[in-house]
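Structural overview
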There are 2 protein chains.
Amino acid sequence: MYQSIDFKGYDLSNEREEIVPIGSLNHLSTKYESLDYEVIENELYRKEEQKKGYRYVVQKDFSRWMTFFWIDFDDCTENDCMVKPYLVALVLNLIPSLIGSCLIVYVEPMAKGSGIPAVKCFLNGIKVPRLIRLKTLAVKVIGVITVALGGLWGGKEGPMIHAGSIVAAGISQGKSTTFNKDLGALNFFREDHEKRDFVSGGTAAGIAAAFGAPVGGLLFSLEEGASFWNQALTWRIFFGSMISMFTLHSVLSAYHGHPGDLTYKGLLNFGKFDDLSYHILDIPIFVLMGIIGGLTGALFCHLNIQLFKFRKRYINKNWKKVLEVLIVCSTTVTISFVLILFNTDCKKLGLDPTDHPIQFGCNDGEFNAMAALWFQLLEGTVRSLFHDTPDVFNTTTIIYFGIFAYFITLWTYGVHFSGGVLIPGLCTGAAWGRLVGRTIFHFFPNTNIGIYSLIGAASQLGGITRMTISLTIILVEATGSITFGLPLMICLMTAKWVGDFFSESIYDTQIELSGMPLLAWDPPPLSSNIYADNLMTHPVITFKTKESVGNIVKTLKKYSHNGFPVIEYIQNYELDEGKTKCYLRGLILRSQLIVLLENKVFDGPLTNYWDSITMETFREDYPRYSSIEDIELLQNDLKLTIDLSRFMNPSPYIVQHTMSLPRIFKLFRAMGLRHIVVVNDSNEVAGIVTRKDLARYKVIRHMGKISVTELKFSSKME
Amino acid sequence: MYQSIDFKGYDLSNEREEIVPIGSLNHLSTKYESLDYEVIENELYRKEEQKKGYRYVVQKDFSRWMTFFWIDFDDCTENDCMVKPYLVALVLNLIPSLIGSCLIVYVEPMAKGSGIPAVKCFLNGIKVPRLIRLKTLAVKVIGVITVALGGLWGGKEGPMIHAGSIVAAGISQGKSTTFNKDLGALNFFREDHEKRDFVSGGTAAGIAAAFGAPVGGLLFSLEEGASFWNQALTWRIFFGSMISMFTLHSVLSAYHGHPGDLTYKGLLNFGKFDDLSYHILDIPIFVLMGIIGGLTGALFCHLNIQLFKFRKRYINKNWKKVLEVLIVCSTTVTISFVLILFNTDCKKLGLDPTDHPIQFGCNDGEFNAMAALWFQLLEGTVRSLFHDTPDVFNTTTIIYFGIFAYFITLWTYGVHFSGGVLIPGLCTGAAWGRLVGRTIFHFFPNTNIGIYSLIGAASQLGGITRMTISLTIILVEATGSITFGLPLMICLMTAKWVGDFFSESIYDTQIELSGMPLLAWDPPPLSSNIYADNLMTHPVITFKTKESVGNIVKTLKKYSHNGFPVIEYIQNYELDEGKTKCYLRGLILRSQLIVLLENKVFDGPLTNYWDSITMETFREDYPRYSSIEDIELLQNDLKLTIDLSRFMNPSPYIVQHTMSLPRIFKLFRAMGLRHIVVVNDSNEVAGIVTRKDLARYKVIRHMGKISVTELKFSSKME
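Numbers given to residues run from 1 along each chain, matching the order in which its sequence is written. Throughout, the order in which chains and ligands are written sets their labels, letters from A for the former and numbers from 1 for the latter. Only residues with pLDDT of at least 70 get local features here, since the model is predicted, and only at 80 or more are side-chain atom pairs given and counted; chain-wide, interface and lining totals rely on the full set of residues. The side-chain quantities take in all heavy atoms of the structure and omit both hydrogens and water.

1. Structural notes on the overall build of chain A
Applied cut-off: For the purposes of this entry, the term helix denotes a DSSP run of H or I that reaches at least four residues, the term strand denotes a run of E that reaches at least two, and both are numbered from the N terminus. Relative accessibility under 20% of the residue-type maximum defines a buried residue, over 50% an exposed one, and the middle range a partly exposed one, all with a 1.4 Å probe and only protein chains included. Should any heavy atoms of two residues lie within 4.5 Å, those residues are considered in contact.
Per the secondary structure count, chain A includes 24 helices and 18 strands. Residue burial in chain A is summarised as follows: out of 718 residues, 61% are buried. At a minimum sequence separation of 6, the contacts of chain A that also span at least 24 residues come to 76%.

Take a look at the structure:
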């Protein structure tokens, strides 16, 4: 499947689109565009003030809904009837699942899943269509609520990150295309460059609110998105995260009757580990658990690809997609009832972690421990597995629960619903981690099994997502104990190494399956013998500094390129086999040309004089520019010219044709570029390097071998 | 003093050195060189394993020394004699101060102060002479111990950061020039690029050990040093910080009789705030405290410059420098005794924060509260001010103590000793913060005054150092309460804004006084009308691809430049007014040329054949290359040539002569460059831009006005 490629002899043609088999990892979609980060700097305003008080929208407390359900439910279990509660639960779960999946399938598919892979790509510089829209936000928020109500195994944390990004990006723009509203304010933020920074902030704020982890949020946004470290931006992101967390908390404290009390207390989602300690001899156990997490995580990612292929092939109609969600939902409910009924794990009342103990097949004065695991929010289940005393759950209860958790998470992640893998992953790991803890507890009764549960949770999620720094800190913040920093690092690192040996992370798998041209952190190894010459796309479509309108329109219609070098012919040098030399003068973007055409900024007596156009004119249309097809021009206009030199970027970054791939890659990555112009020895434009030219060299680390493969281009888009 | 400069009309000559008045901020020293970061990537090994178990060297528990002192001391106070203990204290403090200052003045002046400004410059890319040496480390470590023994107002935290950097850099090199030892291992790390990464890690590990703040350490090293965010490096830095903290802790736990117990407990230097809360109405008070911190911090920096000038003028002999330290030491001891004796603040025993209550002028059953503040380590004093009950100290005690703390810190920071400003700054702020707390406590007796003390400490240190993200997290980690994240951010941000209105931070002040060419985060504003044309140094000294040895030697002797473009004359183009065109082929460093000359890598039958030289040969001499004067060559050698094209960097980053300053600046900063070659329209080498060309445009933000000044060059070096 993988093979090394000979860098010297690859295909140089520009028409590289091929048919790519379903579920292939080795392709790049030609449908994704880059963002235009490269701008002359603008002063950033502090964004934090504009971000207050929105992120808790998602975290609605729906326990009241559930209570109604239990009222009916408890009633019935006392009489030992099973069919009625089962049917009630089924219906109550299916209705929200149906609503949520229909919204995603029919209204906005971009709101599907956790959204983290897409946000990661956006931060990497890819224009992901419809990712940052109000409609997507609305569907996402409603979707998350339906997921929780529908009892599906999806976390709300990923969606909160996505939602945070949208809110931050949306507020920063001061307008909504969906509602056709333009507040007119904040229009200086209408640039890709600014929007990316806001999205970083929103991501961090999402984590801060979801896990109560502002530092973890900051580091997540750096780990997944950053390229150039910027002190001011980082500080703003951190401040935003803090505000986000404290806003959430002050709302909660007002809700609980202590308005104005800003103290952060009790927001540790996974419960505080107060008095746990570990010994140096625990370290090998943590490493072992990291290995288990890495192996099961890699399997998870592998099976996810198979499921993806299956779905592409068979679940290809919208109604089938909705149906799958309903099947997942029914299966979840059914298995949970079967497990609760047939796994008799009755414990004395008093140990129960929930507010409403469920008797369900147990004697009076007892509760059903399996039911206690089930009938909480996933977050609560994680908390139970971390903190409940060793006696609460039988070993078989945890085994059944763990196996079920693993597979239902796998199945659920990828159906058309709006939920993430973070909490389900933690839950699965917490289950088998607790099992490890119980085993050790069996031999050393002084053991506190909570820490093994925590390490298991971290290992499992680490194996699936390969998050390292940020996950360590998120878990430290969410459990309030820096004590476990080192053990968490050790198990997460092990999980990452083991997992990477077999597969990519779940997020990177998703990104590859969708063909998004993500740029890695580092250039491919051993590639310094590839030069710009080989890498670049050529010939390049260029414009002259004074270009005719007709030619611009014709070119824009013919080519879909987004950046065009602007050149000047110098007549002095008209020697050398009769060639005219064309020197690079700048770079102009398609979007700029569109605006110029729309506003008729032509050189001529009857058209707009050039200085009626300002930076404002360009910002107004951002981010959805007209298509060239929609612009209507008179026949006379086509004969006029535009002076591009006034609007182009006058000093784009250039490289010489002898520059090596690693250096071009680093330049591209560090400066957040979209185009690099390649010049030849005599400074003529020789070619252009874009994201896709760099992203197509994919490094594959598999089973300890490193190879580089060249991706194929396809026009499909997931 | 400050004025805007006209960018178009500045001095283009290369001989710009001028006489710069003492204590002038507007100069750049020509003595500092850049580091050579720009290398083709090498695989980094994990450094963490090589860093275990060294950092606690500094944190020697010298309480036993002090105990001997108190035994004698307590004895005497009971008999109410004052002269004897005073004299004993004086002598016991003066001896270590004398030793420490002599070491710094006569052995290694680079070990002076906290070392943070110099480390910051190193991470910024400046080759700071003697900063990263074993001798400096030795003097620093002994220096810190003498500071603590001598009772001087200096923190051990800054020096620990510096020490951490040296250890990390030293271990990574596997050799010591001081001891003339080369282990032969790890020589692939012998590049500036690698060394910088290790220094980042060492810095973070220093903070982790000093404050028990691994995340704070990571963020400090990013805030002060990073330019390009690198995920793998960050993860390694974080891991190193964790290991550092846990190593320290496991040593401490073994020392306290619990070997193997790795649990992090009780390492919160400033004591854990458990049950504090704050109200939304406290926020304006925190802002006010931030303003106070900013104002007093700015005054601190201003007075520091005046002291610097005074010292340059009058304390210009080595013996005077030592004498100043002794005077500072005596003054500290004397004032402390005067305050203890004449400020009668006797409290009932039981409230005392120290282990050995000092009666000193109080009745039996009482202790002297002022003495309790004094006779602890500074860290302990901070802890007392944070946590002791409101009754322990009288208002006057705190006022006297606070005023004294401020001025003695000011005086002490800058004398020739090895201590930093972090803890003294916190201590000063904790004092006046407690005063604010007492005032509020007077009206609202439910107030816990600890939080005001903490906010005061943060504001004061923030006003002096202008640290933001990292200081927030360090204090959160050192007090164990994320509750105070937001208040700390608010006061630190206010302190920074207010402080920046009047002056630079203490570290930047020190850097400016020394003339080190630090590159700021961002290019100067409104400078996009400055082009490479104006910025670059020209004409450029170049070499041909095949260059004669004689010419290389002559050039190296004549010019002190560190990088030379390598060009090739192309005869085909010999037209255009008879000029020969010279195309850029690469860039070669002075150090590379020196190695080539030393190893006689010449083209000729009798000299070394070129492939006997490998990357090893270049690494062997790192980092101290011979001077060109020390290389002896035969007369015949001078007639030979070297084929530079085999050794040069074949694709240096280039910019066109029309590139604007902001873009060049960003490129330079993001890629960590030392040289950028500027080419003209026809791709000939037009000039070269180095760090000094960029650093000389200094942005001055003073009293709300922004101006740009052009720095002068001087050859003095602080």
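More follows now that the structure is in view.
2. What about the pairing of strand E16 (residues 697-702) of chain B?
All names here are of chain B. The condition is simple: We call two strands paired when DSSP finds no fewer than two bridges between them.
Two strands pair when backbone bridges link them, and E16 and strand E17 (residues 705-710) are joined in this way by 6 bridges, in the antiparallel orientation. Bridge pairing in E17 places His702 opposite Lys705. In sequence, E16 turns back onto E17 through a hairpin of 2 residues, with Met703 there showing a positive phi of about 50 degrees.

3. Concerning a negative patch on the surface
We apply this condition: Patches draw on residues past 30% relative accessible area with no salt bridge. Two like charges within 9 Å are joined, as are two nonpolar side chains (Val, Leu, Ile, Met, Phe, Trp, Tyr) within 5 Å. Per-residue accessibility takes into account occlusion by the displayed protein chains alone, with areas from the Shrake-Rupley method and a 1.4 Å probe. Basic side-chain nitrogens of Lys or Arg form a salt bridge, by our definition, when they fall within 4 Å of a carboxyl oxygen of Asp or Glu. Charge assignment: positive for Lys and Arg, negative for Asp and Glu; neither His nor the chain ends contribute. Where a charge lies is defined by one atom per residue type: Lys uses NZ, Arg uses CZ, Asp uses CG and Glu uses CD.
Taken together, the side chains of Glu598(A), Glu629(A), Asp630(A) and Glu632(A) present a region of like negative charge at the surface. Glu632(A) gets classed as exposed once you look at its relative accessible area, which sits at 71%.

4. Description of the pairing of strand E14 (residues 675-679) of chain B
Residue and element names in this part refer to chain B. Spelled out, the test is: Orienting the strands away from the viewer, one traces the path from the first strand over the helix to the second; a clockwise path indicates a right-handed crossover.
Of all 5 residues that make up E14, 5 are buried, and the element is covered over most of its length. By the alternation rule, side chains of E14 split into His675, Val677 and Val679 and Ile676 and Val678, which are all buried. Bridging between strand E13 (residues 654-656) and E14 involves 3 bridges; their strand directions are parallel. Within E14, the position partnered with Gln656 by the bridge is Val679. Where the polypeptide runs from E13 across helix H23 (residues 661-671) and back to E14, its parallel neighbour, the crossover connection is right-handed.

5. Points about the side chain of His416(A)
One can find His416(A) in the loop between helix H13 (395-412) and helix H14 (422-443). Here His416(A) is in contact with Ser101(A), Ile104(A), Val105(A), Lys112(A), Lys321(A) and Val325(A), once residues within four sequence places are set aside.

6. Quick word on unusual backbone geometry
Along the chain, His538(A) connects to Pro539(A) via a cis peptide bond; the corresponding omega equals -5 degrees. The phi torsion at Arg130(B) lies on the positive side, around 65 degrees, for a residue other than glycine. Mapped onto the fold, Arg130(B) is located in the loop between strand E3 (126-127) and helix H4 (134-149). Positive phi values are uncommon outside glycine, yet Arg466(B) reaches one of about 60 degrees. Residue placement: Arg466(B) occurs in the loop between helix H15 (450-465) and helix H16 (469-479). Judged by relative accessible area, Arg466(B) falls into the buried class, the value being 6%.

7. With respect to the domain arrangement of chain A
Where interface size is given, it is often the accessible area lost as the parts come together that is meant. Residue and element names in this part refer to chain A. Which entries qualify depends on this criterion: Per the annotation, domain bounds derive from an automatic or database assignment of domains. Take the accessible area each of two parts loses on contact, using a 1.4 Å probe, and add the two losses: that sum is the buried area. Two N or O atoms count as a polar contact when they lie within 3.5 Å, although within protein this holds only if one can serve as hydrogen donor and the other as acceptor, and sequence-adjacent residues are included solely when both atoms are side-chain atoms.
By the assigned domains, chain A splits into domain 1 (84-256) and domain 2 (281-514). One C-alpha centre belongs to domain 1, the other to domain 2; they are set 23 Å apart. Domain 1 puts 47 residues into the contact, and the matching count from domain 2 is 46 residues. Of the roughly 3800 Å² buried between domain 1 and domain 2 on both sides combined, carbon and sulfur atoms contribute 73%. At the junction of domain 1 and domain 2, the tally comes to 2 salt bridges. Lys120 serves as the salt-bridge partner of Asp508, at 2.9 Å between the closest nitrogen and oxygen. At the surface where domain 1 touches domain 2, the tally comes to 12 residue pairs in polar contact (both at pLDDT 80 or more). Every element with two or more residues in the side of domain 1 that touches domain 2 is listed here: helix H2 (83-107), helix H3 (116-124), helix H4 (134-150), helix H5 (157-173), helix H6 (192-211) and helix H7 (214-225).

8. Some remarks on the sheet that holds strand E15 (residues 685-690) of chain B
All names here are of chain B. As a reminder, the rule being used: Axis definition: a line fitted to C-alpha atoms, limited for helices to the stretch in contact. Angles are taken between N-to-C directions and run from 0 to 180 degrees.
Spatial strand order, E13-E14-E15: 3 strands in an open sheet with mixed pairing. This sheet does not close on itself; its edge strands, each paired only once, are E13 and E15. Across the sheet, the axes of successive neighbouring strands diverge by a mean angle of 30 degrees, strand direction being ignored. Here H23 sits on the sheet in contact with E13, E14 and E15, set at roughly 145 degrees to E14.

9. Focus: the packing of helix H17 (residues 485-502) of chain A against helix H8 (residues 231-255) of chain B
Put simply, the test is: With respect to orientation, any angle under 35 degrees is reported as roughly parallel, any angle over 145 as roughly antiparallel, any angle of 65 to 115 as roughly perpendicular, and every other angle as oblique. Left-handed describes a crossing whose near helix is turned anticlockwise from the far helix through less than a right angle; right-handed describes the clockwise counterpart. Amino acids are sorted into nonpolar (Ala, Val, Leu, Ile, Met, Phe, Trp, Tyr, Cys and Pro), charged (Asp, Glu, Lys and Arg) and polar (every other residue, Gly among them).
Closest axis-to-axis distance for the H17(A)/H8(B) pair is 10 Å, and the angle between their directions is 140 degrees. On the basis of their axis angle, the class for H17(A) and H8(B) is oblique. H17(A) and H8(B) meet at a crossing whose hand is left-handed. Residues Gly485(A), Leu486(A), Met489(A) and Met493(A) of H17(A) touch H8(B), and the partners they reach there are Trp235(B), Phe238(B), Phe239(B), Met242(B), Ile243(B) and Phe246(B). Across the contact of H17(A) with H8(B), the residue classes break down as 9 nonpolar, 1 polar and no charged.

10. Quick look at the pattern of salt bridges
Any two side chains of opposite charge can pair, on the condition that their charged atoms come close. Residues and elements named next belong to chain A. Summed over the entire model, instances satisfying the criterion amount to 23 salt bridges over all chains. The salt bridge involving Arg311 is made with Glu324; its shortest N-O contact spans 2.9 Å. Taken as a pair, Arg311 in helix H9 (residues 282-314) and Glu324 in helix H10 (residues 318-342) lie far apart in primary sequence, 13 residues in all. The residues Arg311 and Glu324 share a single accessibility class, namely buried.

11. Remarks on the sheet that holds strand E13 (residues 654-656) of chain A
Residues and elements named next belong to chain A. The strand order across the open sheet built from 3 strands is E13-E14-E15, with neighbouring strands paired in mixed fashion. Every other strand in the sheet has two partners, leaving E13 and strand E15 (685-690) as the edge strands with one partner each. Here the strands of the sheet are splayed against their neighbours by 30 degrees on average, with no regard to which way each runs.

12. Some details on the environment of Leu295(A)
When you line up the elements, Leu295(A) lands in helix H9. Once residues within four sequence positions are removed from consideration, Leu295(A) is found in contact with Val498(A) and Phe502(A).

13. Regarding the environment of Tyr106(B)
Residues and elements named next belong to chain B. In this structure, Tyr106 sits in helix H2 (residues 83-107). Distance in space between the C-alpha atoms of Tyr106 and Asn318 is 7.5 Å, their sequence separation being 212 residues. Here Tyr106 is in contact with Asn318, Trp319 and Val322, once residues within four sequence places are set aside.

14. Considering a nonpolar patch on the surface
All names here are of chain A. A cluster of nonpolar side chains, namely Leu288, Ile291, Ile292, Leu295, Phe501, Phe502 and Met703, defines an oily patch on the protein surface of about 570 Å² accessible area. Contributing elements (two or more residues each) for the nonpolar patch: H9 and H17. If you tally residues by element for the nonpolar patch, the top one is H9, at 4 residues.

15. Considerations on the packing of aromatic side chains
For any pair of aromatic rings, geometry is given as the distance between the ring centres together with the angle between the planes. Residues and elements named next belong to chain A. This is how it is decided: The rule is short: rings of Phe, Tyr and Trp, with Trp giving its six-membered ring, pair when the centres are within 6.5 Å, and they are stacked under 30 degrees, edge-to-face over 60, tilted in between.
On inspection of all chains with the given rule, the structure shows 18 aromatic pairs over all chains. Seen in terms of ring centroids, Tyr86 and Phe337 are 5.4 Å apart; in terms of plane orientation they differ by 70 degrees. Their pairing is edge-to-face. Highlighted residues: Tyr86 in helix H2 and Phe337 in helix H10, separated in sequence by 251 residues. Residue Tyr86 is classed as partly exposed on the basis of its relative accessible area of 22%.

16. Digging into the environment of Phe404(B)
Residues and elements named next belong to chain B. With respect to the helices and strands, Phe404 occurs in helix H13 (residues 395-412). The buried category is assigned to Phe404, whose relative accessible area is 8%. Linking Phe404 and Leu633, residues 229 residues apart in sequence, is a C-alpha distance of 63 Å. Beyond its immediate chain neighbours, meaning those up to four positions away, Phe404 contacts Trp153, Thr332, Ile335, Leu339 and Trp374.

17. What about the confidence of the model for chain A?
Caution is warranted with low-pLDDT regions, since their predicted coordinates should not be read in detail. Residue and element names in this part refer to chain A. This is how the line gets drawn: Per-residue confidence from the prediction method is given by pLDDT, with values spanning 0 to 100.
Across chain A, the average pLDDT comes to 78, with 78% of residues at 70 or higher. Ranking the elements of chain A by mean pLDDT puts helix H1 (residues 63-78) last, at 43, and helix H15 (residues 450-465) first, at 94. Scored below 50 in pLDDT, residues 1-17 makes 42 contacts in the model with residues more than four places away or belonging to other chains. This prediction of the complex comes with two scores: 0.80 for pTM and 0.75 for ipTM.

18. Notes on the packing of helix H9 (residues 282-314) of chain B against H15(B)
Residues and elements named next belong to chain B. The geometry of H9 relative to H15 is characterised by a closest axis approach of 7 Å and an angle of 35 degrees between their N-to-C directions. Of the two possible hands of crossing, H9 and H15 adopt the one that is right-handed. Facing Asp282, Ile285, Phe286, Met289, Gly290, Gly293, Gly294, Thr296, Gly297, Ala298, Phe300 and Cys301 of H9, the residues of H15 in contact are Ile451, Tyr452, Ile455, Gly456, Ser459, Gln460, Gly463 and Ile464. In terms of residue class, the contact of H9 with H15 is built from 10 nonpolar, 9 polar and 1 charged.

19. Let's talk about helix H6 (residues 192-211) of chain B
For clarity, the threshold we go by: To estimate the expected span of a helix, subtract one from its residue number and multiply by 1.5 Å.
An ideal rise of 1.5 Å per residue puts 28 Å on 20 residues; H6(B) measures up with 28 Å between its terminal C-alpha atoms. Following H6(B) by one or two positions, Gly212(B) has its phi on the positive side, about 65 degrees.

20. Focus: the state of the cysteines
Among covalent bonds in proteins, the disulfide is the one between the sulfur atoms of two cysteines. Residues and elements named next belong to chain A. Quick note on the threshold: Throughout, disulfides are identified as pairs of cysteine sulfur atoms within 2.5 Å of each other.
Taken as a whole and assessed by the stated rule, the structure comprises 0 disulfides over all chains. Cysteine Cys427 remains unbridged, with the sulfur of Cys491 as its closest cysteine sulfur at 17 Å. Here Cys491 is not disulfide-linked; the sulfur of Cys301 is the nearest cysteine sulfur, at 16 Å. The buried category is assigned to Cys491, whose relative accessible area is 0%.

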